[in-house]
Amino acid sequence: MTTILFNKPFGVLSQFTDKGTQGSTRPTLSAYIDLPGVYPAGRLDRDSEGLMILTSDGKLQARIADPKFKAPKTYLAQVEGTVTQEALDRLQKGVILRDGPTRPASARAVTPPPLWDRDPPIRVRKSVPDSWIELTITEGRNRQVRRMTAHVGFPTLRLIRMSVGDWSLGDLAPGHWRPA
């Protein structure tokens, strides 16, 4: 069995091929991982960064990706505006999105973390401050963290998954992988 941790850069699709558009130049995992037999355990949006787990173990892949196992996933979200305690309280209780209520999340404001530069950089508006939230969820709906932060009034500008279950990104550089 092979399991690896990968730091997915911004703009990379979390799949090995881009079958959606013939002749597409969108980068995929195949530009970074030349290891046969491993497949992503879950997805990470093209405009999100951070930890992906890839494995050759189908049972492990299902356990990580399936919401019924409630594997905690921790994200750092740079949001537009200065996050309020009220917004954090709402995230902690769970919010109601179009596809139903979310489970309660762990949410707290954090100081800007030391991170790699994103290419391209986020849009910056001098008249609007930004802040950072650490958010841990136990489900994985489509664009869930972005929808949750927007729902409480703080749209996400940058999103980085830092950990999944017991695996964490640590000092793994963007575009690199290591054995789990």
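Residues numbered from 1 in each chain as written. Predicted model: local features only at pLDDT ≥ 70, side-chain atom pairs only at ≥ 80, totals over all residues. Heavy atoms only, no water.

**Section: the packing of aromatic side chains**
Our working definition: The aromatic pairing rule takes the rings of Phe, Tyr and Trp, using the six-membered ring of Trp, and pairs them if the centres are within 6.5 Å, calling planes under 30 degrees apart stacked, those over 60 edge-to-face and the rest tilted. Only runs of H or I of at least four residues qualify as helices and only runs of E of at least two qualify as strands under DSSP, and these elements are numbered from the N terminus. Burial here depends on accessible area, computed with a 1.4 Å probe over protein chains only, as a share of the maximum for the residue type. Under 20% is buried, over 50% is exposed, and the range in between is partly exposed. For a lysine, the NZ atom is tested; for an arginine, the CZ atom; a charge sits over a ring if that atom is within 6 Å of the ring centre and within 35 degrees of the ring normal.
For the structure on display, the rule yields one aromatic pair. Both rings, one in Phe6 and one in Tyr32, keep their centres 5.7 Å apart while their planes meet at 50°; by these two values the pair is tilted. Separated by 26 residues along the polypeptide, Phe6 in strand β1 (residues 3-8) and Tyr32 in the loop between β1 and β2 (39-40) bring together distant segments of the chain. Taking the relative accessible area as the measure of exposure, Phe6 reaches 0% and is therefore buried. Over the ring of Phe10 we find Arg118, and its NZ or CZ is 3.8 Å from the ring centre.

**A few points about the environment of Val164**
Note the threshold: The contact criterion used throughout is that any non-hydrogen atoms of two residues lie within 4.5 Å.
Tracing the backbone through its elements, the reader meets Val164 in strand β9 (residues 156-164). Between the alpha carbons of Val164 and Met1 there is a distance of 19 Å; along the sequence they are 163 residues apart. Other than its neighbours up to four places away in sequence, Val164 contacts Leu51, Ile53, Ile64, Pro72 and Lys73.

**So, unusual backbone geometry**
For the bond from Asp119 to Pro120, the omega torsion is 0°, close enough to zero to count as cis. By secondary structure assignment, the location of Pro120 is in the loop between β7 (106-110) and β8 (130-137). The phi dihedral of Arg143 is positive, around 55°, even though this residue is not glycine. Looking at the secondary structure, you find Arg143 in the loop between β8 and α3 (144-151). For Arg143, a relative accessible area of 33% translates into the label partly exposed.

**Considerations on the pairing of strand β4 (residues 73-80)**
The line we're drawing: Pairs of strands are assigned from DSSP output, requiring at least two bridges between the strands.
Most of β4 is tucked away, with eight of its eight residues classed as buried. The two faces of β4 match: Lys73, Tyr75, Ala77 and Val79 on one face and Thr74, Leu76, Gln78 and Glu80 on the other face are all buried. When β4 meets β9, the two strands line up antiparallel, connected through seven bridges. Within the sheet, the bridge partner assigned to Lys73 lies in β9 and is Val164.

**Points about helix α2 (residues 85-93)**
We count it as follows: Starting at the helix axis, one direction is taken to each C-beta atom, and the arc is that of these directions.
Considered for burial, the residues of α2 that qualify are Ala87, Leu88 and Leu91. Axial view of α2: buried residues confined to an arc of 100°, hence all on one face. In α2, the exposed positions that point more than 90 degrees away from the buried face belong to Glu86 and Lys93. Elements in contact with the buried residues of α2: β7, β8 and α3. One or two steps after α2, the chain reaches Gly94, where phi turns positive at roughly 100°.

Just geometry here; none of it tells us what the structure is for.
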